[in-house]
Amino acid sequence: MFRRWHLVALALLAVFALACEGAGGATPDPPDDTPTSRPPATLPSSMAALGDSITAGFGSCLAFVACSRNSWSTGTSSAVDSHYRRILEENPKIKGEARNFAEPGAEADALAGQATQAVHVKAQYVTVLIGANDACAASVRNMTSVAQFRKEVDRGLARLKKGLPKTRVLVVSIPDLYRLWELGHGDEQAVRVWSQGGICPSMLANPASDAPADEKRRERVRDRIDAYNEQLEAACKAYGKRCRWDGGRAHEVRFSLDLVNRIDYFHPNVEGQSELAAVVFPRRFGW
């Protein structure tokens, strides 16, 4: 989210919040104990990731750049037990068939374009994590309205449904950025970094201030993210049986600052990306 806060977007720690993705105490399903000589027929043989800087792995390579190899969704690095690597263990046909179309700084209005790319490569499994940048505006009044957010999400999902009617879609909740502030506003280094500006200013500006105006501003951002998540869940439900909502797990995760990088104290580091992957990994792929 270079355009609104140098790219957030889950990291949410948000997660990221993100990076925090130990979400809601949920854990991925244990492997099926039933002996089999071939990969389960329900596992996809190709996938694509849509979203913002969180899914792009921004800041996870010890530099202020995207690092898709560490993405919770399509990452190939052994340091992150991504969805791609989890599926690969059971279905070798997916090897080399994971594409990451997430863009640092992307907001909901970028989803349709990314979805078009997923349709082009005929992805059988698509992950969607979007919305942090819509809330991480220069100011509260610049946040994307809830109605506009839903409109853009519906447009992106409609593109997927029309082009890939049999593809399974996972919609992930936006990490809890207010919790990120709660964890970091007492940390001297995090406060120093956030005070320099550029990192989700609507939430993280004046991070050490307890003035009523600042408290109210943060609460309004928190409430907007809650509203976005409600719309993401509703949009997935309206999509139909081929869409699965993460149940709010990414948002509910109880992360720590150990799961975000030390460059912006916002995006998930390697551990945070791996945690996010575990928290939202589908319990079953037969939907």
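About the cut-offs
Residues numbered from 1 in each chain as written. Predicted model: local features only at pLDDT ≥ 70, side-chain atom pairs only at ≥ 80, totals over all residues. Heavy atoms only, no water. Buried < 20%, exposed > 50% of the residue type's maximum accessible area, 1.4 Å probe, protein only. Helix = DSSP H or I, 4+ residues; strand = E, 2+ residues; numbered from the N terminus. Arc of directions from axis to C-beta. Contact = heavy atoms within 4.5 Å. Disulfide = S-S within 2.5 Å. Salt bridge = Lys/Arg side-chain N within 4 Å of Asp/Glu carboxyl O. Core = buried A, V, L, I, M, F, W, Y, C linked by side-chain atoms within 4.5 Å. Axes fitted to C-alpha atoms, helices over the stretch in contact; angles between N-to-C directions. Nonpolar A, V, L, I, M, F, W, Y, C, P; charged D, E, K, R; others polar. Polar contact = N/O pair within 3.5 Å; in protein donor to acceptor, adjacent residues only side chain to side chain. pLDDT = per-residue confidence, 0-100. Pairing = 2+ DSSP bridges.

**Quick word on helix α4 (residues 111–120)**
Then step 1. Among the residues of α4, Leu111, Ala112, Gln114, Ala115 and Ala118 are the ones counted as buried. All buried residues of α4 project into a common sector of 160 degrees when viewed along the axis, lining one side.
Then step 2. Where α4 is buried, its residues touch β1 (47–51), β3 (125–129) and α6 (146–163).
Then step 3. Positive phi shows up at Lys122, right after α4, with a value of about 55 degrees.

**A look at the state of the cysteines**
Then step 1. Under the definition given, this model contains 3 disulfides.
Then step 2. Each sulfur in the disulfide pair Cys61 and Cys67 lies 1.5 Å from the other.
Then step 3. Overall, Cys61 belongs to the partly exposed group, its relative accessible area being 22%.
Then step 4. Judged by relative accessible area, Cys67 falls into the buried class, the value being 4%.
Then step 5. Disulfide pairing is shown between Cys236 and Cys243; the S-S distance is 2.1 Å. On the sign convention where negative is left-handed, the bridge of Cys236 and Cys243, at about -120 degrees about the S-S bond, is left-handed.
Then step 6. With relative accessibility at 2%, the residue Cys236 sits in the buried group.
Then step 7. On the basis of relative accessible area, Cys243 is assigned to the buried category, the value being 10%.

**A closer look at the pattern of salt bridges**
Then step 1. According to the stated counting rule, one finds 7 salt bridges in the structure shown.
Then step 2. One salt bridge connects Arg222 with Asp223, and the closest N-O pair in it is separated by 3.2 Å.
Then step 3. On the basis of relative accessible area, Arg222 is assigned to the partly exposed category, the value being 28%.
Then step 4. Of the charged contacts, one joins Asp258 and Arg262 as a salt bridge, the two residues approaching to 3.6 Å between their closest N and O atoms.
Then step 5. By relative accessible area, Asp258 is classed as exposed at 56%.

**Some details on the nonpolar core**
Then step 1. Within the largest apolar cluster, 73 residues are counted, with the highest numbers of intra-cluster contacts made by Leu50, Leu160 and Trp194.
Then step 2. When residues of this core are assigned to their parent elements, the largest contribution, 7 residues, is made by helix α10 (residues 212–239).

**Concerning the packing of helix α7 (residues 177–184) against α10**
Then step 1. As a packed pair, α7 and α10 sit with axes 8 Å apart at the nearest point and diverge in direction by 140 degrees. Contact with α7, carried on its side by Leu177, Tyr178 and Trp181, involves Glu215, Arg218, Glu219, Arg222 and Ile225 of α10 and no other residues of that element.
Then step 2. Here the contact of α7 with α10 is composed, by residue class, of 4 nonpolar, no polar and 4 charged.

**Regarding the side chain of Ser139**
Then step 1. Turning to its location among the elements, Ser139 is positioned in the loop between α5 (132–135) and α6.
Then step 2. Side chain to side chain, Ser139 and Asn142 meet in a polar contact 2.7 Å long.

**Observations regarding helix α8 (residues 188–195)**
Then step 1. Among all positions in α8, only Ala190, Val191, Val193 and Trp194 are buried. Buried residues of α8 fall within an arc of 165 degrees about the axis and therefore sit on the same side.
Then step 2. Those residues of α8 that are buried are in contact with α7 and α9 (201–204).
Then step 3. Taken from the residues just after α8, Gly197 is the one with a positive phi, measuring 85 degrees.

**Side note on the side chain of Ser60**
Then step 1. Relative to the helices and strands, Ser60 is located in the loop between β1 and α3 (83–90).
Then step 2. A residue is classified by how much of its surface remains accessible, and Ser60, at 6% relative accessible area, is buried.
Then step 3. What Ser60 contacts, discounting residues up to four positions off in sequence, is Cys67, Asn70, Pro268, Asn269 and Val270.

**With respect to the confidence of the model for the protein**
Then step 1. When pLDDT is averaged along the protein, the result is 88, and 86% of the positions lie at 70 or above.
Then step 2. Low pLDDT (under 50) marks residues 1–37, which in the prediction has 169 contacts with non-local residues, meaning those over four places away or in another chain.

**Details of the sheet that holds strand β5 (residues 243–245)**
Then step 1. If you trace the 5 strands from one edge of the open sheet to the other, you get β2-β1-β3-β4-β5, paired in parallel fashion. Sheet topology places β2 (98–100) and β5 at the edges, where each strand pairs with a single neighbour. Strand-to-strand twist of the sheet, defined as the mean angle between neighbouring strand axes without regard to direction, takes the value 15 degrees.
Then step 2. Pairing analysis gives 4 bridges linking β3 to strand β4 (residues 168–171), with the strands arranged parallel. Paired with Val128 across the bridge in β4 is Val171.
Then step 3. α4 contacts β1 and β3 of the sheet and is inclined by roughly 170 degrees relative to β1.

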